[in-house]
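# Structure assessment
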Amino acid sequence: MSETLADVAIPPQFPDHTQLPESDRTFVKNFQEHPQTIILTDSIVQVLQRVHPDGQYCIGQDCGIYWRETEPPEKGAAAPDWFYVPGVPPRLGGINRRSYVLWREYIPPLIAVELASGNGDEERDVTPLPLAGSREGAKPGKFWVYERIIRIPYYAIYEISNDKLEVYHLVDFCYHKMQPNERGHYPIPPLGVELGLWQGSYLNNPEQFWLRWWDLEGNLLLIGQEEAELQRQRAEQAERKAGQLAERLRAMGIDPDPDVE
């Protein structure tokens, strides 16, 4: 058969991203989540543009990944604080995504990040669907859903309150806890980057640890604000060196700015 998954018509009873709730009416649990997700996205955009010159990828921040039809619908969704999906369009039918519907797009995220406000128990919950289904209103654990159902290759849990980072890699359908390299980072080979903790300040936040990306040589991937500041410093340094050179030439009786007729 030459028919591919992309050619298979989805029965109308399976809703798409425009028919599913954007939110389960919960709220962000700490003030670091918003700037933290901005850093993750801003600093990796240039990498993703090289990996996807056709622009076929999407990034979700607190967006629902629908993996199962339920009533209410949001009970069948998981919402990582940050995730990246390769090989899918950033918009669908010319409109912004409201959620990511796994049963329509088939491609799982490559990496999901959870920013734990507590001790990470919720993010490590391995309660399977059969057990959760026996309790009123209960949902299966996030860890179990990401590992067994969505099958996200890399799963990072960052406990903000105690600066603890864990990264899991899906091997033979099971998550294995990764060990950091000599820099204390966790390589994500498909992207050619490393994930780790960086201490510094961002926006109006005090100096603290932030989840950041590095390249595989250990060079920090800069956000736009840092890149602009670096270019400004380089320009000032070049101007200063040019001025010093001009002064030395003048001391030697050489005009560094001769009139050109």
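Cut-offs applied
- Residues numbered from 1 in each chain as written.
- Predicted model: local features only at pLDDT ≥ 70, side-chain atom pairs only at ≥ 80, totals over all residues.
- Heavy atoms only, no water.
- Buried < 20%, exposed > 50% of the residue type's maximum accessible area, 1.4 Å probe, protein only.
- Helix = DSSP H or I, 4+ residues; strand = E, 2+ residues; numbered from the N terminus.
- Pairing = 2+ DSSP bridges.
- Axes fitted to C-alpha atoms, helices over the stretch in contact; angles between N-to-C directions.
- Contact = heavy atoms within 4.5 Å.
- Salt bridge = Lys/Arg side-chain N within 4 Å of Asp/Glu carboxyl O.
- Phe/Tyr/Trp six-rings, centres within 6.5 Å; stacked < 30°, edge-to-face > 60°.
- Lys NZ or Arg CZ within 6 Å of the ring centre and 35° of its normal.

The name given to the protein chain in an unreviewed UniProt entry is Endonuclease, Uma2 family, with Nostoc flagelliforme CCNUN1 as the source organism.

Turning to helix H4 (residues 142-150), a few remarks are in order. Judged by how many residues are buried, H4 sits mostly within the fold: seven of nine residues are covered. Inspection of H4 places Lys142, Phe143, Trp144, Val145, Tyr146, Glu147 and Ile150 among the buried residues, and these make up the whole buried set. Following H4 by one or two positions, Arg151 adopts a phi angle in the positive range, close to 60°.

Working definition: the strands of a sheet are paired by backbone hydrogen bonds and lie parallel or antiparallel to each other. Sheet architecture is open: three strands sit in the order S12-S13-S14, paired in antiparallel fashion. Of all strands in the sheet, those with a lone pairing partner are strand S12 (186-188) and strand S14 (208-215), marking the two edges. Pairs of neighbouring strands in the sheet enclose a mean axial angle of 40°, with direction left out of account. Relative to strand S13 (residues 193-200), S12 runs antiparallel, the two being bridged by three bridges. Each residue of the ladder has a partner; that of Pro187, found in S13, is Glu194. Contacts from helix H1 (residues 33-51) reach S13 and S14 within the one sheet, and its direction differs from that of S14 by about 15°.

In total, this model carries 12 salt bridges according to the counting rule given. Across the salt bridge formed by Arg124 and Glu159, the nearest N and O atoms sit 2.4 Å from each other. Highlighted residues: Arg124 in the loop between strand S8 (111-116) and helix H3 (129-132) and Glu159 in strand S9 (residues 154-159), separated in sequence by 35 residues. With relative accessibility at 22%, the residue Arg124 sits in the partly exposed group. Residue class for Glu159 comes out buried when judged on its relative accessible area of 3%. Across the salt bridge formed by Arg183 and Glu194, the nearest N and O atoms sit 2.5 Å from each other. Taken together, the positions of Arg183 in the loop between strand S11 (174-177) and S12 and Glu194 in strand S13 put the pair 11 residues apart, joining distant regions of the chain. Accessibility expressed as a relative area gives 33% for Arg183, which makes it partly exposed. The exposure class assigned to Glu194 is buried, which follows from its relative accessible area of 2%. Among the charged side chains, a salt-bridge network with shared partners connects Arg124, Glu159, Lys164, Glu166 and Lys177.

This part covers the packing of aromatic side chains. If you walk through the whole model with that rule in mind, you get 10 aromatic pairs. On the basis of an interplanar angle of 35° and a centroid distance of 6.4 Å, the ring pair of Tyr155 and Tyr168 is categorised as tilted. Taken together, the positions of Tyr155 in strand S9 and Tyr168 in strand S10 (residues 164-171) put the pair 13 residues apart, joining distant regions of the chain. You'll find Tyr155 and Tyr168 in the same group, each marked buried. Aromatic rings pair up to connect Phe143, Tyr146, Tyr155, Tyr168 and Tyr175 into one cluster. Sitting over the ring of Trp198, Arg212 keeps its end group 4.6 Å from the ring centre.

This part covers the sheet that holds strand S3 (residues 77-78). Pairing is mixed in the open sheet, where three strands are placed in the order S3-S2-S7. A strand with exactly one partner marks an edge of an open sheet, and here the two such strands are S3 and strand S7 (100-101). As judged from the two bridges shared by strand S2 (residues 65-66) and S7, these two strands associate in the parallel manner. Residue Ile65 lies in a different strand from S7, and its bridge partner there is Tyr100.

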